[in-house]
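Here are the chains, one letter per residue:
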Amino acid sequence: MSQSHIKTKEVKTLFAHSGNQCAYPKCKQRLVEPATKHDGAAVIGKIAHIIADSHDGPRGRVAISDDDKNLHPNLVLLCGNHHDLVDAQPNTFSVQVLRQMKADHELNVQRALFADDGPEKPTLTNEVIHSSLLPITHLPDAMFSAPCKFSDQEYDHVFDRIVYPDNRDELVRFVLREGKLFTFHNLNNPQGPFSKVVDRKQVQPLEALKVWDDPELRRRYVTLLNRGLNRFTSLLGMRFDRDHYRYYFEAKEKEKPRKVSYRPLNAKRTSRDVVWQPKKRATNEARNYWFHLAVGLKFHQMDADQWVLSLRPERRITTDTVTSIESTIIGSRVTRRKARMWNDIYLSEINFWRDYLSGGTPRIVLNFGDQSAVIEATLTAFDVEWPGIPGDDKSFKNQTYEEDLFTQLDFDNAVSGSSIDWDECDDNTEEN
Ligand SMILES: [Zn+2]
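The present account deals with the structure reproduced in this document. Chains are numbered independently. Their residues run from 1 in the order of the written sequence. Owing to the predicted nature of the model, reporting of local features is limited to residues with pLDDT of at least 70; listing and counting of side-chain atom pairs is limited to 80 or more, with chain, interface and lining totals taken over all residues. Side-chain measures were taken over the full set of non-hydrogen atoms in the model, leaving aside hydrogen atoms and water.

Turning our eyes to something else, we now look at the overall build of the chain. Scanning the chain from terminus to terminus reveals eleven helices and 19 strands. Contacts were defined at the residue level, with two residues in contact if any of their heavy atoms lie within 4.5 Å. For the chain, restricting intrachain contacts to residue pairs at least 6 apart in sequence, the fraction spanning at least 24 positions comes to 67%. The method behind every accessible area is Shrake-Rupley, applied with a 1.4 Å probe, and residues are considered shielded solely by the protein chains displayed. If you sum the accessible surface of the chain, you get close to 23300 Å²; carbon and sulfur atoms cover 48% of it. The numbering of helices and of strands both runs from the N terminus, where a helix is a DSSP run of H or I of at least 4 residues and a strand a run of E of at least 2.

Written as structure tokens, this is what we have:
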């Protein structure tokens, strides 16, 4: 078919969109073969008109202006074989089929480029981002257990019967295992949240230091901490991403950015974007994906009685603030990959998280009612490691929080609230 009226600009555009590959499904044929020792590069791709150039050509009987015929939307690049095939079978390769073929191919090319498109995009690499560790200065001294008439799956029945405390910040969490309920709340309390769920005559207090020595009990203890964290972050407007074990901000409205207000170190309240659509630096044009600030949080036992919370800044990436890109474009391989972040972004996000989670105070307190977990929001200079970038030596100043009366009071309450009267507990157990 005649290609004489196709302008160079249209041809260039077509080749650029083709990704140097025949548009025919699954055909991997290159359109431009690289130069060899003896010859230059060879252009073997052929341009086919979707609606034919001449009225008598294949797919010619569709109305289109002469000008539009030779524009790139009406053109598709194919290898020689497939070019001849689609013209020889115009009933099989109708206008509709070719349009779809072109659209699918160009989308695939875009997606392939998307995964690796320069430093402004989230470049996915296999590099490990090391987490920052926050020391835990206080953990619940005991885990309580008591027989419960609900099975391990009947969480809803338990939730329905919980007597919720007036304090909304109190984290009422529990674990059901082997016909028993485990919690950090003192189950001996007749007014406690689980008073309508468990048999209070058979309450067993389990001392934390002994619990940590028993792999199964330790797992339940950490599960309780994690469930506390889950509730704590949800009160702060975040959601849990089960696939990646991290917490993230979701948009309040689809395709609308979101900001949160927070108090940075020793400073006035401020706000920052937590869901946003990045813009291309050169043109200020919005990219076709969204960032959601996310954080991985994990409890680790470092020593017999030393625990830390690791804090790992991450980004959730979506196409429309709802659909995760990992599931639509990049696929499962991304689960072991992390978006690499430049170190100043990384550090600023670590700072954001500790400020946000602690409410601008020196510590994060998980209030389990009778007991608490207290996590210091202070980073030490050695906590942060990241994939170093040559020439980037922006230093990180570790600011410390100033105690004020209010935060000291919070801390005192958290710690004093957790002291268990062991004698009282023992007495109750012996009664049974
Ligand atoms: Zn082909």
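Moving on: unusual backbone geometry. Backbone geometry places Glu178, a non-glycine residue, at a positive phi of 50°. As for its placement among the helices and strands, Glu178 is situated in the loop between strand E8 (175-177) and strand E9 (180-183). Positioned with a positive phi, Asn284 is a non-glycine residue whose angle comes to about 65°. Structurally, Asn284 is set in the loop between strand E14 (270-276) and strand E15 (290-303).

Before going further, it helps to spend a moment on empty space enclosed by the protein. Of the two site types, the cavity is a set of points on a 1 Å grid over the protein atoms alone where a 1.4 Å probe fits but cannot get out, and the pocket is an open set with protein on both sides within 12 Å along at least five of seven lines, each lined by residues with an atom within 4 Å of a point. Grid points are joined across faces, edges and corners, and a volume is the space filled by probe spheres set on the points. This model, assessed by the stated rule, comprises two cavities of 30 Å³ or more. As for the second largest cavity, its lining consists of Leu14, His17, Ser18, Ala23, Leu75, Val76, Leu77, Lys102, His105 and Glu106. Of all elements in the fold, only helix H1 (8-18), strand E4 (75-78) and helix H4 (95-114) reach the threshold of two or more residues within the lining of the second largest cavity. The residue inventory of the lining of the second largest cavity, partitioned by class, reads five nonpolar, three polar and two charged. Note that Gly is not counted as nonpolar here; it falls among the polar residues with everything else outside the nonpolar set of Ala, Val, Leu, Ile, Met, Phe, Trp, Tyr, Cys and Pro and the charged set of Asp, Glu, Lys and Arg.

So, on to the coordination of the zinc ion. When four donors bind a metal tetrahedrally, each ideal donor-metal-donor angle is 109.5 degrees, and when six bind octahedrally, the ideal angles are 90 or 180 degrees. The coordination sphere of the zinc ion, as far as protein atoms go, consists of Cys22 (SG), Cys27 (SG), Cys79 (SG) and His82 (ND1), spread over 2.0 to 2.4 Å. Each metal's donors are the N, O and S atoms within 2.8 Å of it, or within 3.2 Å when it is Na, K or Ca, and because water is not part of the set, sites may look incomplete. Site shape is set this way: if four donors have all angles between 85 and 135 degrees, tetrahedral; if opposite donors are over 155 degrees apart and all others between 65 and 115, square planar for four donors and octahedral for six; otherwise irregular. Viewed at the metal, the four donor atoms of the zinc ion are separated by angles of 100 to 118°, and the geometry they form is tetrahedral.

Put simply, two rings from Phe, Tyr or Trp (the six-membered ring, in Trp's case) pair if the centres are within 6.5 Å, and we call them stacked under 30 degrees between planes, edge-to-face over 60, tilted for the rest. Scanning the entire structure with this criterion turns up 20 aromatic pairs. A centroid spacing of 5.5 Å and a plane angle of 55° characterise the contact between Trp276 and Phe291, whose relative ring orientation is tilted. Taken together, the residues Trp276 in strand E14 and Phe291 in strand E15 connect sequence positions 15 residues apart. Buried, partly exposed and exposed residues are distinguished by accessible area as a fraction of the type maximum, computed with a 1.4 Å probe on protein chains only: under 20%, between the cut-offs, and over 50%, respectively. Classification of Trp276 as buried rests on a relative accessible area of 17%. The exposure class of Phe291 is buried, given its relative accessible area of 6%. An angle of 75° between the planes, with centres 5.6 Å apart, marks the rings of Tyr289 and Phe291 as edge-to-face. Comparing Tyr289 with Phe291 shows no difference in burial state: the two are buried.

Before going further, it helps to spend a moment on the pairing of strand E18 (residues 363-367). For E18, the tally of buried residues reaches four of five residues, placing the bulk of the element in the interior. Hairpin connection between E18 and strand E19 (residues 372-376): a loop of four residues separates the two successive antiparallel strands, and Gly369 in this loop has a positive phi of roughly 80°. Any two strands with at least two DSSP bridges between them are considered paired.

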